[in-house]
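Summary of structural features
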Amino acid sequence: SGAASGAIPGAHARLWLSAGVKKSIDFSFDDHPGDDEERPRVAWAVAVLDDCEGCGDLRVELMLEDEGAHGTGVTGHLSPATARRVRAALGVALREIGEDPGT
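The structure presented is a predicted model; accordingly, all values stated were derived computationally and were not measured.

Before going further, it helps to spend a moment on the overall build of the protein. In terms of regular secondary structure, the protein is built from 1 helix and 4 strands. In the protein, the order of α-helices and β-strands from amino to carboxyl end is β-β-β-β-α. For the protein, the exposed surface amounts to about 7600 Å²; the carbon and sulfur share of it is 53%.

Right under this line is the structure:
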């Protein structure tokens, strides 16, 4: 495990990022129909970053915005504990609809 396998090490091991770096992990769109005139699809992106001076530590970045509305979305900088909490909440939501949350 660790940086060699692509996993993000703890905050004490910042060597995998140089100063002011953001690494994109994944991005896509939600599964809402694209032809709904009342509610657009939502683009989402997950990244890791070390360039948030206010955070002072590594963060998981979660961005959400309406499809085609580049730069108008909401971005959160999640600590590892908060990212795990979001992951757990998604797992509970999947179980609530009868789906296996996976790993």
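On to the pattern of salt bridges, then. For the structure shown, the criterion picks out 2 salt bridges. A salt bridge links Glu61 to Lys22; the shortest N-O distance between them is 2.7 Å. Placement of the pair is Glu61 in strand β3 (residues 59–66) and Lys22 in strand β1 (residues 22–29), with a sequence separation of 39 residues. Residue Glu61 is classed as buried on the basis of its relative accessible area of 9%.

Helix length check: helix α1 (residues 80–96), at 17 residues, gives a terminal C-alpha distance of 24 Å against a target of 24 Å (1.5 Å per residue), a fit within 8%. Phi for Gly98, located one or two positions after α1, is positive at around 80 degrees.

Analysis parameters
- Residues numbered from 1 in each chain as written.
- Predicted model: local features only at pLDDT ≥ 70, side-chain atom pairs only at ≥ 80, totals over all residues.
- Heavy atoms only, no water.
- Helix = DSSP H or I, 4+ residues; strand = E, 2+ residues; numbered from the N terminus.
- Areas by Shrake-Rupley, 256 points an atom, 1.4 Å probe, with all protein chains shown as cover.
- Salt bridge = Lys/Arg side-chain N within 4 Å of Asp/Glu carboxyl O.
- Buried < 20%, exposed > 50% of the residue type's maximum accessible area, 1.4 Å probe, protein only.
- Expected span 1.5 Å × (residues − 1).

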